[in-house]
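As a plain string of letters, each chain reads:
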Amino acid sequence: MHKIISLKKTLLMFYQHAGWRFPFLMIITFFSAIFGALGIVSILPILNYSFDKEPDDKISNFIINGFNQFGIEPELHHLLILLVIIFIILGVALLIQSYFASHIVITVKRNLRMRLMRNITDCTYQYYINKTTGLFINILHAEVNRFGSSFRAFSRVCVTILHAFIYIPAALTLQYELTVTLLFIGGISICGLYLLTKRTSR
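What counts as what
- Residues numbered from 1 in each chain as written.
- Predicted model: local features only at pLDDT ≥ 70, side-chain atom pairs only at ≥ 80, totals over all residues.
- Heavy atoms only, no water.
- Helix = DSSP H or I, 4+ residues; strand = E, 2+ residues; numbered from the N terminus.
- Expected span 1.5 Å × (residues − 1).
- Buried < 20%, exposed > 50% of the residue type's maximum accessible area, 1.4 Å probe, protein only.
- Polar contact = N/O pair within 3.5 Å; in protein donor to acceptor, adjacent residues only side chain to side chain.
- Patch = residues over 30% accessible without salt bridge, like charges linked within 9 Å, V, L, I, M, F, W, Y side chains within 5 Å.
- Areas by Shrake-Rupley, 256 points an atom, 1.4 Å probe, with all protein chains shown as cover.
- Salt bridge = Lys/Arg side-chain N within 4 Å of Asp/Glu carboxyl O.
- pLDDT = per-residue confidence, 0-100.
- Core = buried A, V, L, I, M, F, W, Y, C linked by side-chain atoms within 4.5 Å.
- Contact = heavy atoms within 4.5 Å.
- Phe/Tyr/Trp six-rings, centres within 6.5 Å; stacked < 30°, edge-to-face > 60°.

**Details of helix α2 (residues 21-41)**
- End to end, α2 covers 30 Å across 21 residues, agreeing with the expected 30 Å (1.5 Å per residue, within 8%).
- For α2, every residue scored as buried is listed here: Arg21, Phe22, Leu25, Met26, Ile28, Thr29, Ser32, Ala33, Gly36, Ala37, Gly39 and Val41.

**Side note on the side chain of threonine 107**
- The topology assignment puts threonine 107 in helix α5 (residues 76-121).
- A residue is classified by how much of its surface remains accessible, and threonine 107, at 3% relative accessible area, is buried.
- Within the structure, the side chain of threonine 107 is placed 2.7 Å from the backbone oxygen of histidine 103, a separation counted as a polar contact.

**Notes on a nonpolar patch on the surface**
- A surface patch of nonpolar side chains, about 520 Å² in accessible area, is lined by Trp20, Phe24, Ile27, Phe30 and Phe31.
- Mapping phenylalanine 30 onto the fold places it in helix α2.

**Things to note about the confidence of the model for the protein chain**
- In the predicted model, the protein chain carries a mean pLDDT of 76, and the fraction of residues at 70 or more is 79%.
- Summarising per-element confidence for the protein chain, the mean pLDDT is lowest in helix α6 (residues 125-129) (60) and highest in α2 (82).

**Side note on the nonpolar core**
- Ala18, Phe22, Met26, Ile104, Val108 and Phe151 are the most contacted members of the largest nonpolar core, which totals 16 residues.
- Residue assignment for this core shows that the elements contributing at least two residues are α1 (2-18), α2, α5 and α7 (133-174).
- If you tally residues by element for this core, the top one is α7, at 6 residues.
- When sequence neighbours within four positions are dropped, the list of residues in contact with methionine 26 reads Ser155, Cys158, Val159 and Leu162.
- In terms of nonpolar packing, the next biggest core, distinct from the first, is built from 5 residues, Ile63, Phe67, Leu79 and Leu83 among them.

**Observations regarding the packing of aromatic side chains**
- Under the defined criterion, the tally for this structure stands at 2 aromatic pairs.
- Ring geometry for phenylalanine 30 and phenylalanine 31: centres 5.8 Å apart, planes at 75°, overall edge-to-face.
- Of the residues examined, phenylalanine 30 reaches a relative accessible area of 36% and is grouped as partly exposed.

**Topic: the environment of isoleucine 86**
- Within the secondary structure layout, isoleucine 86 lies in helix α5.
- Separated by 46 residues in the primary sequence, isoleucine 86 and isoleucine 40 place their C-alpha atoms 9.7 Å from one another.
- Apart from the residues within four sequence positions on either side, isoleucine 86 is in contact with Phe35, Leu38, Gly39 and Ser42.

Structure (structure tokens):
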């Protein structure tokens, strides 16, 4: 419960500084994950055609039915064109995602520095007599850089979680038993590393 409350506070704090940019980044990440999953599953019907196999999985049948709905023959060159289009859109989405993530960090750091500098200029002359001004400003800049780094790391965590929410259902659809096994092994490994880290940090 404490972890959930801490995560909620962190989200609210970053949203307070980033504003609409942070949800927009998550929307871009969601669409890039969708197209990434589509690009992966679109390879299946191409493999079936390459080995002259009838599609026997749900994903391949879904893509072929989609072609039939639009009156397009599900031939190999049509599937390859679809795959190229999907990966072009994915590349553009990832480029926008990376650019916007960097833009948010730069904007947040700039706004924080400007706000801190305005607060400093509003201080009285007596305040500066009792402070080492250069050291104080260096500390402020260092803390702003730390905040920017933590925001970048938190954004990457959110991006990874969104990708997991998209890719895991796709993997369960393709290979249910294998995906469940890997998730179980991964969960045990994460728990073991968490306990090991917690014990060594004491």
